[in-house]
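Understanding the architecture of this molecule
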Amino acid sequence: MPDRAARSSFSGASSPAKRVVITGIGAITPIGSGRDGLWQGVRAGHSAAKRITRFDPSEFRSQVAAEIEDFEAADWMDARKARRIDRFSQLAIAASRQALADAALSAQQIAGCSAIYLGSALGGIAFAEEQHRRYITNGFHAVEPRLALSVFGGAGATNVAMEFGLCGPTIGNANSCASGLIAIGEAFRLIRAGGFEVALAGGVEAPLAPLAFGAFTRIGVLTTLNEPPEGACRPFDRGRDGFLMGEGAGVLMLEELHHALRRGARPYAEVLGYGTTNDAYHMTAPLPDGCEAAHAITLALDDARLAPCEVDYVNAHATGTRLGDAAESRAIRLAFGEHADRLPVSATKALHGHALGASPAIETAITALALDRGWLPPTANLDEPDPDCRVVHVNPMGEERRIDIAVKNAFGFGGINASLVLSRWQE
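These notes cover the structure that comes with them. (Residues numbered from 1 in each chain as written. Predicted model: local features only at pLDDT ≥ 70, side-chain atom pairs only at ≥ 80, totals over all residues. Heavy atoms only, no water.)

Along the protein chain, the regular secondary structure elements total 14 helices and 16 strands. Principal axes of the C-alpha set define a box for the protein chain whose edges measure 60 × 50 × 45 Å. Evaluated residue by residue, the protein chain yields a buried proportion of 60% over its 427 residues. In the protein chain, the share of contacts with a sequence separation of at least 24, taken over all contacts with a separation of at least 6, comes to 79%. Of the side chains in the protein chain, 40 bear a positive and 48 a negative charge, and the two mean positions are spaced by 2 Å. (Helix = DSSP H or I, 4+ residues; strand = E, 2+ residues; numbered from the N terminus. Buried < 20%, exposed > 50% of the residue type's maximum accessible area, 1.4 Å probe, protein only. Contact = heavy atoms within 4.5 Å. Lys, Arg positive; Asp, Glu negative; His and termini not counted. Charge placed at Lys NZ, Arg CZ, Asp CG, Glu CD.)

Dropping the structure here:
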């Protein structure tokens, strides 16, 4: 067991040479697509949870998920290209195209100065399952030749690179449910260090297939509150029993500040700091006292050169699991001290589900929009707050409030912790 007593708060970053802003948002989610569709879905407050339709879930205790119902890959790329790649890569390209368009940038404009950082817990696993069924039923020659090119975690990022002709660093990470936030954080570091001026960064996940879903059911992390489906996911609530699996993609355009201002872009938010740690404790259970999750928050604040009392809002990871929500609540109290008694916290997974590695990227987009538009989203289905989750909850109807500084948390299997600090954009 590592010594957790004497820990440096040094984040590894020197004095920032560059400032990094968010100038574009791409999102394909069960509650809406694009910047405006995502925000409208959050404001509406209706859960996308329903009984699974992609496969028969009757053999599983958990039978609900958040599915994207209106995605047509051919709307976002050449139809022949769409047929050659799986849903995971389709979502990556679609959300990246949205982020480019929202930032008012063309691929030609950024071809020589851009990077791609995308995270995913499971990559092309759903397509792999489909091909395995073909193999078992009809033999080797029934399997699609593109299988080997679709299942690896970097397939989403590399397909984006080829779609838009972007030849810079192309990184796909597989850091579980923290993947999307780690992708954003590492892209932020790259731009801040002066390596590149622009990056498409975020997370993509298409995990809704029977074996993948069943594996999560098997380890007891999915909700079994099947009726009514919209009440299944209950972050911070006394009645929570697991998370609602979902699918989706969130991709942000990160841009060096002067590059953005020279072309007249108006940022949604600025990225100020990033920190990551590991519990070094258990593959599925978080460290109960939350100390390493708190350390990730502290590292991010140190990186941003901010005191805990300067933070106005926390967008929590909060998936609706018994252990996870309680540990994150303790981490927030450890990191923020007395300020935690005044610091509003909320989570949005009850609406769009938990799309594993994509979730923190989708939620970073929501946090940037909350900063930009001055409205804090509530935590849906929070009917009876659990006393073991001692945080200040946002009003159930949401709150019109100007916030200047926000922290976004993400935690994953294997004890992976990551936090990002964002600020409201000010001229």
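Turning our eyes to something else, we now look at the environment of threonine 379. Inspection of the secondary structure assignment puts threonine 379 in the loop between strand 12 (375-376) and strand 13 (392-393). Ignoring any residue separated from it by four or fewer positions in sequence, one finds threonine 379 in contact with Pro235, Phe236, Val345, Ser346 and Ala347. Side-chain polar atoms of threonine 379 contact the backbone nitrogen of alanine 347, separated by 3.0 Å. (Polar contact = N/O pair within 3.5 Å; in protein donor to acceptor, adjacent residues only side chain to side chain.)

Between helix 8 (residues 179-192) and helix 14 (residues 359-373), the least distance of the axes is 5 Å, while the angle of their chain directions is 60°. Taken together, the axes of helix 8 and helix 14 lie oblique to each other. Contacts between helix 8 and helix 14 involve Gly180, Leu181 and Ile184 on the former and, on the latter, Pro360, Ala361 and Thr364. Among the residues forming the contact of helix 8 with helix 14, the class breakdown is four nonpolar, two polar and no charged. (Axes fitted to C-alpha atoms, helices over the stretch in contact; angles between N-to-C directions. Parallel < 35°, antiparallel > 145°, perpendicular 65-115°, else oblique. Nonpolar A, V, L, I, M, F, W, Y, C, P; charged D, E, K, R; others polar.)

Right, let's talk about the side chain of asparagine 173 for a bit. Here asparagine 173 shows up in strand 6 (residues 170-173). A polar atom in the side chain of asparagine 173 sits 3.0 Å from the backbone nitrogen of asparagine 175. The residues contacting asparagine 173, other than those within four sequence positions of it, are Leu118, Gly119, Ser120, Ser179, Ile182 and Ala183.

In terms of nonpolar packing, the biggest core is built from 58 residues, with Ile22, Leu38 and Leu254 touching the most fellow members. Look past the residues within four positions of isoleucine 22 in its chain and what remains in contact with it is Leu252, Met253, Leu254, Pro267, Tyr268, Ala269, Val271, Ala368 and Leu422. Within the second largest apolar cluster, 35 residues are counted, among which are Ala73, Ile85, Ala95 and Ala206. (Core = buried A, V, L, I, M, F, W, Y, C linked by side-chain atoms within 4.5 Å.)

It is worth spelling out the pairing of strand 16 (residues 416-424) at this point. For strand 16, the buried fraction is high: nine of the nine residues fall into the buried class. Going residue by residue along strand 16, you find Ile416, Ala418, Leu420, Leu422 and Arg424 tucked away on one face and Asn417, Ser419, Val421 and Ser423 tucked away on the opposite face as well. As paired elements, strand 9 (residues 269-278) and strand 16 share nine bridges and run antiparallel to each other. Within strand 16, the residue paired with valine 271 across the bridge is leucine 422. Pairing analysis gives eight bridges linking strand 15 (residues 405-412) to strand 16, with the strands arranged antiparallel. The residue bridging asparagine 409 from the neighbouring strand is serine 419, located in strand 16. In textbook terms, the turn of a hairpin is the stretch between consecutive antiparallel strands, and for strand 15 and strand 16 this stretch comprises three residues, one of which, glycine 414, has a positive phi near 85°. (Pairing = 2+ DSSP bridges.)

On the surface, a nonpolar cluster with roughly 370 Å² of combined accessible area is contributed by Tyr135, Ile136 and Phe140. By the secondary structure assignment, phenylalanine 140 is in the loop between helix 5 (125-138) and helix 6 (147-150). (Patch = residues over 30% accessible without salt bridge, like charges linked within 9 Å, V, L, I, M, F, W, Y side chains within 5 Å. Areas by Shrake-Rupley, 256 points an atom, 1.4 Å probe, with all protein chains shown as cover. Salt bridge = Lys/Arg side-chain N within 4 Å of Asp/Glu carboxyl O.)

What follows concerns helix 3 (residues 87-102). Between its first and last C-alpha, helix 3 extends 22 Å over 16 residues, near the 22 Å set by a 1.5 Å rise per residue. Among the residues of helix 3, those classed as buried are Phe88, Ser89, Gln90, Leu91, Ala92, Ile93, Ala94, Ala95, Ser96, Gln98, Ala99 and Leu100. In the segment just after helix 3, alanine 104 is the residue with positive phi, at about 60°. (Expected span 1.5 Å × (residues − 1).)

On to the packing of helix 1 (residues 34-44) against helix 14. Interaxial distance between helix 1 and helix 14 falls to 11 Å at its minimum, and their mutual angle equals 80°. Put simply, helix 1 runs roughly perpendicular to helix 14. Residues Arg35, Asp36, Leu38, Trp39 and Val42 of helix 1 pack against Ile362, Ala365, Ile366, Leu369, Ala370 and Arg373 of helix 14. Each residue belonging to the contact of helix 1 with helix 14 can be placed in one class, and the counts come to eight nonpolar, no polar and three charged.

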